[in-house]
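Architecture at a glance
For reference, the chains in residue letters:
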Amino acid sequence: MITEEELFASIRTQADKEFPFVVYRKPGEKSVKLICQTSAETYSGEDLDTPGFVFAAFDSLNRSLLIPIAEAEVFNCNYENRPVSQPVPPQPEQPMPARNSQDQIKHEKLVQSGIDQIKTSSIDKIVLARAEKVKFHDPDPIPIFRRLLDRYEDAFVYFWYHPETGTWMGATPETLLHSERNRFKTMALAGTQVYEEGSEITWRQKEIEEQAIVTSYIDKELQKISEVKELKIGEPYNVRAGNLLHIRTDIQGSFDSSSALSRIVTALHPTPAICGIPKAEALQFILQNEEMDREYYSGYLGEVQLSKEVKRNSNRRNQENQQFASISRVSNLYVNLRCMKLEQDIAKIFVGGGITKDSNAGEEWYETVNKSVTMRRVLVK
Ligand SMILES: C=C(O[C@@H]1C=C(C(=O)O)C=C[C@H]1O)C(=O)O
């Protein structure tokens, strides 16, 4: 364990060297982990077989990067969240985009073309995104990362740097895959509304359906993988992510061969929560129409095949509490949402939303503005 001061000093030292690193905290945990690569080398993370931390782009044709544990120093720190003043309803500290801005006109046009495409094709859902450029005042990324840690306890909060990708940060509510030994968990997350303290939560039919089609699509895709067994789909429930609420269904199962992990990830990514249904057609529409490179936004990131020591009690009589330690392999991958790329004094905040035949372009614009609040809030002086 290192102290908070040591943690931030180590990040600075590593950043000065311009060697790859990632520092992150998993949802609901106190411990912040820093993984510092000991060289500037580029390693590929495609196989999901080498223990390390992977950072994969949205478009699988682009490179997936890895910081291998064998090539890195790892530090852990118990981080004490500092209290945040949280105005209700939350007020973003950065100015919101102007009404009828160029960005708004452009995004609404894109969404409308998505709706038209859905109405005239076999596509059910397309997720369309944009990047919002926000100027920030303090070029030092560490205070921004600390505010992310303080504000978003229930998210996967990270700060990643690699010479190949530049600096990225995010606080994502979405798990792509957790796996331990031969068991895995994933989730279907969709539907968005602004969280308002104390008010009763109701969803429109459109949002309920949008989330349900994500669940059944994931179910169907996983069933196609022969190594996947014991698939269980939970009931949908509400989850809060910063200033927003979403509908979530938990999905779990087991697999019976070690190579199944990368097959599951290939089947899931890009999920219908960030790409669409059917996947190939939605992807093609996105790549042809979004007019931006998503880069690592809506890609995935996280721990791959890390060793975890598991202590198990022996069941044998007369050996009370005798423990056996064994090592299991654990992966924790998240979808890279509510994230931004930091370039000098400009933060590029990436935000998107799912479009179905019943969507409205104006509402979709506001959904992306609301989603941008997660990152705007931490870009203060
Ligand atoms: C695409 C994003 O979020 C995804 C899309 C959602 C939606 O369409 O309602 C909700 C949660 C996420 O699965 C994003 O945050 O950029």
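The sections below set out a description of the structure shown in this document. Each chain has its residues counted from 1, following the order in which its sequence is written. Only residues with pLDDT of at least 70 are given local features in this predicted model, and only at 80 or more are side-chain atom pairs given and counted; all residues enter the totals for whole chains, interfaces and linings. For side-chain calculations, the full set of non-hydrogen atoms in the structure is used, while hydrogens and water are omitted.

**Observations regarding the site of the ligand**
- To be near a molecule or strand, a residue needs just one of its heavy atoms within 4 Å of it. Taken together, 18 residues surround the ligand, and among them E174, T192, Y297, R338 and G354 come closest.
- Any N or O atom pair separated by 3.5 Å or less is treated as a polar contact, with the protein-specific requirement of one donor-capable and one acceptor-capable atom, and with residues adjacent in sequence counted only for side-chain atom pairs. One of the backbone N or O atoms of G191 is found 3.1 Å from an oxygen atom in the ligand.
- One of the backbone N or O atoms of G352 is found 2.8 Å from an oxygen atom in the ligand.
- Relative to its unbound accessible surface of 390 Å², the ligand loses 100% to contact with the protein.
- Contributions of two or more residues to the shell around the ligand are made by β11 (183-194), β19 (346-355) and α7 (361-376).
- Each residue receives one of three labels: charged for Asp, Glu, Lys and Arg, nonpolar for Ala, Val, Leu, Ile, Met, Phe, Trp, Tyr, Cys and Pro, and polar for the others, Gly being one of them. Taken together, the residues that form the shell around the ligand break down as seven nonpolar, six polar and five charged. Per-residue accessibility takes into account occlusion by the displayed protein chains alone, with areas from the Shrake-Rupley method and a 1.4 Å probe. Secondary structure counts use DSSP, requiring at least four H or I residues in a row for a helix and at least two E residues in a row for a strand, with both numbered from the N terminus.

**Regarding the state of the cysteines**
- Sulfur atoms of two cysteines make up a disulfide when they are within 2.5 Å. Under the counting rule described, the total for this entry stands at zero disulfides.
- Considering cysteine sulfurs only, C36 is the nearest to C77, which forms no disulfide, with 13 Å between them.

**Topic: the environment of K135**
- Residue placement: K135 occurs in strand β7 (residues 125-135).
- One polar contact links K135 to D345, side chain to side chain, over a distance of 2.4 Å.

**A short note on the pattern of salt bridges**
- Salt bridge, as used here, is a side-chain nitrogen of Lys or Arg placed within 4 Å of a carboxyl oxygen of Asp or Glu. By the definition in use, this model includes 25 salt bridges.
- The salt bridge partner of E180 is K308, with a shortest N-O separation of 3.3 Å. Linking E180 in strand β10 (residues 175-180) with K308 in strand β16 (residues 300-313), this pair joins segments that are 128 residues apart in sequence.
- Given the relative accessible area of 38%, K308 is considered partly exposed.
- A salt bridge links R294 to E290, with the shortest nitrogen-to-oxygen separation between them at 2.8 Å. Accessibility classification places R294 together with E290 in one group, the buried group.
- Connected through shared salt-bridge partners, K125, K206, E210 and E364 make up one network. Think of it in three bands: with a 1.4 Å probe and only protein chains considered, a residue is buried below 20% of the maximum accessible area for its type, exposed above 50%, and partly exposed in between.

**A word on the sheet that holds strand β6 (residues 72-78)**
- On the basis of which strands lie adjacent, the open sheet formed by nine strands has the order β6-β2-β1-β8-β9-β18-β19-β7-β15 and antiparallel pairing. Bordering the open sheet on either side are β6 and β15 (276-277), each of which pairs with just one other strand.
- If DSSP finds at least two bridges between two strands, the strands pair. The sheet contact formed by strand β9 (residues 166-172) and strand β18 (residues 339-343) spans four bridges and is antiparallel. Looking across to β18, one finds that W168 is bridged to K341.
- A contact between two residues is defined here by any heavy atoms of the two lying within 4.5 Å. Convention adopted: a line fitted to C-alpha atoms gives each axis, helices being fitted over their contacting stretch, and angles between N-to-C directions are expressed from 0 to 180 degrees. Running at roughly 140° to β19, α7 makes contact with β7, β9, β18 and β19 of the sheet.

**Considering the side chain of R338**
- Along the chain, R338 turns up in the loop between β17 (323-335) and β18.
- Within this scheme the basic residues Lys and Arg register as positive and the acidic residues Asp and Glu register as negative, but His and the chain ends are omitted. Despite its burial, R338 pairs with no opposite charge, the nearest such side chain being E174 at 6.2 Å.
- Within the structure, R338 has its side chain in polar contact with the side chain of H246 (distance 3.1 Å).
- Filtering out sequence-adjacent residues up to four positions away, R338 remains in contact with M169, G170, A171, P173, A241, L244, H246, K371, T374 and M375.

**Quick look at helix α2 (residues 102-119)**
- The span you would expect from a helix comes to 1.5 Å times its residue count less one. For α2, spanning 18 residues, the distance from its first C-alpha to its last is 26 Å, which sits close to the expected 26 Å at 1.5 Å a residue.
- Turning to α2, its buried residues are Q104, H107, L110, V111, G114, I115 and I118. Along α2, the residues classed as buried sweep out an arc of 140° about the axis, all on the same side. Among the exposed residues of α2, those pointing more than 90 degrees away from its buried face are Q102, K109 and K119.
- Against the buried residues of α2 lie β7, α6 (279-289), β19 and α7. Starting at the helix axis, one direction is taken to each C-beta atom, and the arc is that of these directions.

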